[in-house]
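# Structure assessment
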Amino acid sequence: MKFIARMIFFLVGLAFFTACQRSPQYQRDQDYFQGDPGSYYNRPASKSISERIEGMGQPKKRLLVMDFWNDTPVKSDTLGKFAADELRKGLYQTQRIIIPKDIKTEASTGDFLEGDKVRVSQLVAEGRKLGVSTVVIGRLTKTVFRSRGDEVGLLRQKQTLAAVDVEIKLFDVQNGRELMAAGKSGEASSNAVVAFEIESLEAAKYREELLTLALRKAVSLLVPEVVRSMEKLTWEGTIAKIAASKVYLNAGRASGLVSGDILKVMTVGDDVYDPASGAFLGRTAGQLKGTLEVVDFLGADGAVADVHTGSGFQEGDVVQLY
């Protein structure tokens, strides 16, 4: 009887196990119809050779960083400039963006803000005047300080913490549109052993020094986001001068152009405004005039080109990689 019972238990278990199994072919069929990531229909479309080469990078774009607006109770004349300088330094170190050192502006972020709104048309006009493709404005929105530690004793262990919130916006100058908006937070702390009083740890200068460390951390987190947004933007240069058969461009080796590059020449588009509110909406795409071929370079970041096709080129016309 025990033998028969064991056999019955074995057969029932075998039937259950077999019913729960799926052949490898069945599993492959199920994965195929349910959208397995490795199936044909879920694979990303393969890029052509020309698309892969094209995606390896465009010439570097010129970016202007306005000094940030300090919108916090910590009133300091240096924090906004410090934050902007940290962003400039971080972007320069990537070697993927040009931060012009030869342009000067007295304007800062606060000059282009009206409440929570950005005066885009004025900001874009300033960027075009200075010959950059993008402009960053920034704002310090919040600061927090806290101290904790021993309350009694001759020598007291104290920790002071500082935190700051930073926001930035990136604008495409050529097309008059916002490319990105991002915000990050940074923190810093300091430990000290103090005797009797802690006024030195709470002084304005000490707080400002601690706040700059927090700012540095916050801004460093914004650098890769700016770079990613910039790389999605189509590179554009400008015809600076036309003399005889030569066309001179405001971009060259430093920007990443190479001899033999073919550039298309476009007319400057028209600015479009909302007829009801007068708000700046953007700029239309220009018309294709022809193409140029880069043949030589001029100065630190200029190029010389020959006319490849087309005619009627003018100073100020836009050039893009073909």
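Preceding block: the structure.
From a predicted model like this one, the values you see are computed outputs, not experimental measurements.

## Notes on the overall build of the chain
- Looking only at helices and strands, one finds seven helices and 16 strands in the chain.
- Taking all 322 residues of the chain together, the buried fraction comes to 36%.
- Long-range contacts, defined as pairs at least 24 residues apart, comprise 69% of the intrachain contacts of the chain with a sequence gap of at least 6.
- Element-wise, carbon and sulfur atoms account for 54% of the exposed surface of the chain, whose accessible area totals about 19,600 Å².

## With respect to the pairing of strand E1 (residues 61–65)
- For E1, a buried count of five out of five residues is recorded, marking the element as mostly surrounded by other parts of the structure.
- Side chains of E1 alternate between two faces, with Lys-61, Leu-63 and Val-65 and Arg-62 and Leu-64 buried alike.
- For E1 and strand E3 (residues 97–98), the ladder comprises two bridges, and the chain directions are parallel. Its bridge partner being in E3, Lys-61 is matched across the sheet by Ile-97.

## Some words on the side chain of Lys-61
- Of note, Lys-61 is situated in strand E1.
- For the buried Lys-61, no salt bridge is present, and the opposite-charge side chain at shortest range is Glu-231, 7.0 Å distant.
- There is a polar contact of 3.2 Å between the side chain of Lys-61 and the backbone oxygen of Met-230.
- Not counting residues within four places of it along the chain, the set of residues in contact with Lys-61 comprises Ile-97, Ile-98, Ser-133, Met-230, Glu-231, Leu-233, Thr-234 and Trp-235.

## Observations concerning the pattern of salt bridges
- Enumeration over the complete set of coordinates arrives at 15 salt bridges.
- Notably, a salt bridge pairs Glu-86 with Arg-216, separated by 3.1 Å at the nearest N-O pair. With a gap of 130 residues between them, Glu-86 in helix H4 (residues 79–94) and Arg-216 in helix H7 (residues 204–231) connect regions that are remote in the sequence.
- The exposure class assigned to Arg-216 is partly exposed, which follows from its relative accessible area of 38%.
- Across the salt bridge formed by Asp-306 and Lys-246, the nearest N and O atoms sit 2.8 Å from each other. Placement of Asp-306 in strand E15 (residues 302–310) and of Lys-246 in strand E10 (residues 246–249) is noted, with a sequence separation of 60 residues between them.
- Through salt bridges with shared partners, a single ionic network connects Asp-67, Lys-81, Asp-85 and Arg-88.

## Considering the sheet that holds strand E14 (residues 288–298)
- Spatially, the six strands close up into a barrel ordered E9-E10-E15-E14-E11-E16, and their pairing is antiparallel. Averaged over all adjacent pairs, the angle separating strand axes in this sheet is 45°, with direction ignored.
- As defined by bridge partners, strand E11 (residues 262–266) adjoins E14 across five bridges and the pair is classed as antiparallel. Within E14, the position partnered with Lys-264 by the bridge is Thr-291.

## What to know about the nonpolar core
- Grouped together as the largest cluster of nonpolar side chains are 35 residues, with contacts concentrated most on Leu-63, Val-65, Phe-68, Leu-87, Leu-91 and Leu-215.
- Listing elements by their share of this core, those giving two or more residues are E1, H4, strand E6 (134–149), strand E7 (155–172), strand E8 (177–195) and H7.
- Counting residues per element, this core draws most heavily on H7, at 12 residues.

## A few points about the packing of H4 against H7
- One can describe the packing of H4 onto H7 by two numbers: an axis separation of 8 Å at closest approach and a directional angle of 40°. With respect to H7, the axis of H4 lies oblique. In the crossing of H4 with H7, the sense of the turn from one axis to the other is right-handed. Only Glu-208, Leu-211, Thr-212, Leu-215, Arg-216, Val-219, Val-223, Val-226 and Val-227 of H7 make contact with H4, whose side of the interface consists of Leu-79, Phe-82, Ala-83, Glu-86, Leu-87, Gly-90, Leu-91 and Thr-94.
- By residue class, the composition of the contact of H4 with H7 is 11 nonpolar, three polar and three charged.

Rules behind the numbers
- Residues numbered from 1 in each chain as written.
- Predicted model: local features only at pLDDT ≥ 70, side-chain atom pairs only at ≥ 80, totals over all residues.
- Heavy atoms only, no water.
- Helix = DSSP H or I, 4+ residues; strand = E, 2+ residues; numbered from the N terminus.
- Buried < 20%, exposed > 50% of the residue type's maximum accessible area, 1.4 Å probe, protein only.
- Contact = heavy atoms within 4.5 Å.
- Areas by Shrake-Rupley, 256 points an atom, 1.4 Å probe, with all protein chains shown as cover.
- Pairing = 2+ DSSP bridges.
- Lys, Arg positive; Asp, Glu negative; His and termini not counted.
- Salt bridge = Lys/Arg side-chain N within 4 Å of Asp/Glu carboxyl O.
- Polar contact = N/O pair within 3.5 Å; in protein donor to acceptor, adjacent residues only side chain to side chain.
- Axes fitted to C-alpha atoms, helices over the stretch in contact; angles between N-to-C directions.
- Core = buried A, V, L, I, M, F, W, Y, C linked by side-chain atoms within 4.5 Å.
- Parallel < 35°, antiparallel > 145°, perpendicular 65-115°, else oblique.
- Left-handed = near helix turned anticlockwise from the far one by under 90°.
- Nonpolar A, V, L, I, M, F, W, Y, C, P; charged D, E, K, R; others polar.

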